[in-house]
Amino acid sequence: MSTERTVRFSLNGRAVKAHVASHESLVQVLRDRFDLFGSRESCGQGLCGCCTVIVDGKPVSGCLYLASFLDGTSVQTIEGLAPADDRLDPVQEAFIEAGAFQCGFCTPGFILMTKHLLAENRAPSDDDIRHYLTGNLCRCSAYPEIVAAVKLAATKQRGG
Amino acid sequence: MASQTLTTPAMPAGQVGRSIPRLEAAAKVTGRAEYVHNMSLPGMLHGKIFRSVIPHGKIKHLDLDAARAVEGVFLVAAIDDIRKVIAHPYYGPAFHDQPILADGKVRYAGEPVAVVLADEAHIAEEAAGLISAEYEELPGVYDEVEAHGAQVFVHDELKPAATFPDLAHLLGRRDTNVALDFQLRRGDADAAFAAAEHVFEHHFRTQPTMHTPLEPFVSIADASGGSLTLHTASQNPSFVRIEIARLLGWPENRVRVKVPYLGGGFGGKLYIKLEALVTALSLIARRPVKISLTMQEQFFMVMRHAATIRIKSGVDKSGRITARSCEVWWNGGAYADIGPRVTQKAGFTAAGPYDIDNVELNSYAVYTNRTPAGALRGFGAPQTCWAYETHTDMIAAKLGIDQLAFRRMNLLHDGRPQATGTILRDAAIDKVLDRVAERMNWGTPLERGTGRIRRGRGIAIGFKGITAPTTSVAMINLYADGSCGLYIGTVDMGQGSDTCMAQIAAEVLNLDAESIKVIHPDTDVTPYDMGTLGSRSTFHMGTAVRLAALDANQKIAALAEELGVPPNSNLPFSELLRRKYRMQAGNIIGIGSFIPGYDKPDQETGQSANVTPFWGVGGSGAEVEIDIETGEFKVTKLVNVADVGAAINPKLLAAQLSGAAIMQLGFTTSENMLYRDGQLTNGSFADYKIPCLLDMPAVFINEFVESRQHDGPFGAKGAGESTTIAVSPAIGNAIADAIGVRLMDLPLTAEAIHGAILAAGIGGDDEH
Amino acid sequence: MRPFDLVEPATLEEAFHLLEGDDPAVRPIGGGTALMLMMKEQVFRPVRLVSLRHLAPQFGAISIDADHRMIRFGATTSFSELEHSAVVARHLPVVVRTMRTLANVRVRNVATLGGNLAHADPHLDLPPVWIALGAQIVIENPAGPRIVPAEDIFEGYYETNLRHDDIIREIRVPLNASQRASYVKITTRSAHDWPALGIAVRLEMKDGLAHHPRIVLSAATNKPTRLVRTEALAHGQPITPASLRELGEAAVSEADIASDSRGSADYKKHLLRVHLGRALHALALEE
């Protein structure tokens, strides 16, 4: 039986290991083993995006991802995005400048998704943005500001 | 998309009127902002709730043994266990009607019956799944109008809380589901109807909806050494402390309630939710206890009232409304929560923002066997506005008068009495309506189309009173190095209160708002505040903060005088403290408290000289495109305008107005808690659809106008709910404009539109 | 969720061994997005999950036959691999277009083609597209592999006729340069939602007439369903307002549609009538 296992992976650039039970999800392990709270379970169905985590360069729903599958992967969370404590990523800066959040609960998910969107598409249109991010929900409904933030971030990342 | 300010804020140069980013912005974009969701305490147990699967019945037998036998289970508790630590385990803000766990009877499907505590959440969940209950099922009542006269009673007798003197007459009343019957009588409606040239009567319905904050309900209780600390996602920590202290029979100072940021609230996280349950469990277990609901469980906690509204108007030859009568039934669910207050406050304004001499209103809070209903961003105003603004539009259409002109003809203006008799003041109803019309280009004809796609546009305007009388107290602590802490009980759940309050304090103290630290609600530290609800914080707490800052300034002046410093010296207070205490020491503490005036409405007539501290005003305009073959439709343009008094932080305010309007867009077109035989059938995000990015109207405009509230802080008033009020009728009116038929019930769906098109026999439905 | 045995065999034989027996609580797992939902709801309580992800080298590729007559998709291919495949974009653009509104980016990054088929939720977007394209499913079994048409594996609501020890290996889609195909996802609540109806259509147009149409309805029915009588009626027909009306009525009378929270049966039938006609019309006009 293998109801538990040790997984070794890279977490925000640091090699780590964790002993996980088979039923545990990625978001639970980040919270319970590593005190990382930025990806958080909300709808529990992969529909809201609050639990977004980047695994091997791709965003996934941390609440639907078995932690046992982490072995050998590279994991990035919102806590690992800013280059330094006093310096933010351009996407984070853009979200602040555009006022693209209210309660902040969904914000890490939107930011990580935006980071990945801009990696795929340097200059997304409004329609691209709406489609790409429509699987992330913001109950405060900062949607107009979020679209503005993504465009601002695109400009910043292009060095504009 | 656009979001603009109509007028440049007429603010003194300085902190108020600046669009600074929210103070906690960096914490939120790095995922480090603190929520109860994140918290754990040493030795903490996790609770999982076992819920009723039937809507109404007596509990014959509850089998907890299998759950108790699960390895890792610490405790399984039902109401008898709760009674060992709380003798009378019933709570509620208006009625003490809600048991901490079901007490012999269940009154809605989803009601908590028992709880499992375990070291690990998944063990508690597993064990809760092993609990079984046997019920003697009772007939249920689900519809608010049926429940009004039904012979099935949700409660045997009414138990009003002592805190609301106007409910005292209901004490001990039996054999009724009506928890409150509010009535208002102004003029002589019967005579006015008899004399009217035209009389119109319509019936409307609104559906039950849920707040769905993305941080689901969560509370932690830590009872030890004869005191209790609650960490809870609550919008009103002061109320929680008072109510928990009452339940325990303890003085307030043994109960400490702490609230960090909230991941959304919207009126859901008010009064007692999980707090009484975790308190009891922590006292029994003698360990900290956390209960975190799932998104699915939230639908069993609280919802927005569904309502049935009958509205009737008399109109004279010139098109003036001379009489209006409204009857509103509010579906309160199984426990009253704050429903009676919704019933009363929404009753004040149920006739709409019109100047009508003869008004008759009846508003009933009705118990049913559904999830309890409470406050949700508007306190009933969006429901009543759906009725009166659809009704108003229908009258204008029938009389052949332009919708805007008809509203202008009847609009309520400053200086005139509102239905309660209170004289309207500082309410920019006319300006808001003008601005909506302007942004809708109302004077320019709309190309409505003749083929498969039809277009239409509509406007609507509404208003609301504010819960009164309520108190806020603020404290400012100036530290000896010149920095400043602001101690307030207002909960920042995303609306930006930390930032706005810091701006108000900074304006008075002549500091940078960004340099002020806002100390989050902690009832051991922060002074009393009634709650973060009902658009009250900017006005009430904002005033208290301003007064606290003025008090601090007076104390600085007194200190300067004591030290012999000339009044115009401009020495910073840190230097004064250094001179007084001869080192970096001491504090200057400013206190401000505020309770606005209020005149309790007459029990028989609802008349009051001062029924609300201020008026919230919101107007909306919508354009829609409808595919008349299928009823599928798009809101192509949405304009929302609110009267905000004055903007403390225009950018945060614009975002709040925009967010409220989108939320109401969801309540208008997609969100609907569906019940079958008292069972909720769509309680998850897979089936209860809140708006997403693709639902955004292509043109989306949010604006505010400034009326300068005479007694508000720097002219400001609250605005968190204003743009929820008129969205639904604006869209409904646009649909009617496009296809010539009316929908009377929310939500407005493609299928309902298609049904209306079929019923009206409008052409173009295929070529049949 | 409670702990279970999670195993990750590296070979097919090992996988078969681990799936032995007839315990329904022992199942293969692909990306796991759908299974996780069922496990969290306690609808499915696994004893053992057999992960197929280490079979990826054999099961995870997208390839096109040298003669360009068939595309093969390994069962552990993720949706996003499909979405971003140049080969798929060139030869099966309908599949890439379907991806844009299928679930969301995160799910597409994890969910696999095989898991999607085995899940058999009638609201899924891709199964009707596979069926319309005439896809064949290659299924491995200890008793030997078999190849079945995609429509044949669906039995009902979340039900397939896959055996307990079956493992989906590959999806094969025949290519036909003259075919046109579309998938229409009709949502009735939010713009981003499970469909109330999914309509997948493929056909060829010759001399203004529809040839060899395949018409598949999903979401409104308890499994993705070919409307074979409507297909037969459409074959050799011109696409005109009159024929579209007739086909719409045929589809409505053929499909077994039930009411749910996305709409009444009558309304969904009406949507089928209208949107099938529009889909056929658009395909007929396509260059």
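It should be emphasised that the depicted structure is a prediction, and the values quoted were computed from it without experimental measurement.

1. Remarks on unusual backbone geometry
The phi angle of most residues is negative, glycine excepted, and most peptide bonds adopt the trans form. All names here are of chain B. In this model, A468 is joined to P469 through a cis peptide bond whose omega is -5 degrees. For P469, the location among the structural elements is in the loop between β21 (453–464) and β22 (472–479). Put simply, L746 and P747 share a cis peptide bond, and its omega is 0 degrees. Checked against the element boundaries, P747 lands in the loop between α18 (727–739) and α19 (750–760). With a phi angle near 55 degrees, R708 is a residue other than glycine that sits in the positive phi range. As for its position among the elements, R708 is in the loop between β30 (699–705) and α18.

2. With respect to the domain arrangement of chain B
All names here are of chain B. Taken domain by domain, chain B comprises domain 1 (43–138 + 211–298), domain 2 (303–467 + 602–760) and domain 3 (470–594). Between domain 1 and domain 3, the C-alpha centre-to-centre distance is 37 Å. Taken together, the contact between domain 1 and domain 3 spans 20 residues of the former and 18 residues of the latter. For the pair domain 1 and domain 3, the summed buried surface comes to about 1500 Å²; carbon and sulfur atoms form 53% of the total. Linking domain 1 to domain 3 there are 2 salt bridges. In this structure, R256 and D522 form a salt bridge, with 2.6 Å as the shortest nitrogen-oxygen distance. Where domain 1 packs against domain 3, one counts 8 residue pairs in polar contact (both at pLDDT 80 or more). For the side of domain 1 that touches domain 3, the elements supplying multiple residues, two or more each, are α7 (237–248) and β14 (255–258). Considered class by class, the residues forming the side of domain 1 that touches domain 3 number 11 nonpolar, 6 polar and 3 charged.

3. Things to note about the interface of chain B and chain C
Taken together, the contact pairs 25 residues of chain B with 27 residues of chain C. Summed over both sides, the interface between chain B and chain C buries roughly 2100 Å², with carbon and sulfur atoms accounting for 46% of that surface. The tally of links from chain B across to chain C stands at 7 salt bridges. The salt bridge involving R278 of chain C is made with E629 of chain B; its shortest N-O contact spans 3.0 Å.

4. Details of the packing of helix α3 (residues 107–120) of chain A against helix α5 (residues 143–157) of chain A
All names here are of chain A. Two elements in contact, α3 and α5, have axes whose closest approach is 11 Å; the angle formed by their N-to-C orientations is 45 degrees. Taken together, the axes of α3 and α5 lie oblique to each other. The element α3 and its partner α5 pack so that their crossing is right-handed. Residue-level inspection shows F110, T114, K115, L117 and L118 of α3 in contact with α5, the latter providing Y143, I146, V150, A153, A154 and Q157.

5. Some remarks on the packing of α5 of chain A against helix α17 (residues 650–669) of chain B
When two helices pack together, their arrangement is given by the angle between their axes and by how far apart the axes lie. Remark: α5 of chain A packs on α17 of chain B, axes separated minimally by 8 Å, with the N-to-C direction vectors making an angle of 120 degrees. Our classification of the angle between α5 of chain A and α17 of chain B gives oblique. Between α5 of chain A and α17 of chain B, the residues in contact are Y143, P144 and E145 of chain A and A655, S658 and I662 of chain B, respectively. Classifying every residue of the contact of α5 of chain A with α17 of chain B gives 4 nonpolar, 1 polar and 1 charged.

Calculation notes
- Residues numbered from 1 in each chain as written.
- Chains lettered and ligands numbered in written order.
- Predicted model: local features only at pLDDT ≥ 70, side-chain atom pairs only at ≥ 80, totals over all residues.
- Heavy atoms only, no water.
- Helix = DSSP H or I, 4+ residues; strand = E, 2+ residues; numbered from the N terminus.
- Domains from an automatic or database assignment.
- Contact = heavy atoms within 4.5 Å.
- Buried area = accessible area lost by both parts, 1.4 Å probe.
- Salt bridge = Lys/Arg side-chain N within 4 Å of Asp/Glu carboxyl O.
- Polar contact = N/O pair within 3.5 Å; in protein donor to acceptor, adjacent residues only side chain to side chain.
- Nonpolar A, V, L, I, M, F, W, Y, C, P; charged D, E, K, R; others polar.
- Axes fitted to C-alpha atoms, helices over the stretch in contact; angles between N-to-C directions.
- Parallel < 35°, antiparallel > 145°, perpendicular 65-115°, else oblique.
- Left-handed = near helix turned anticlockwise from the far one by under 90°.

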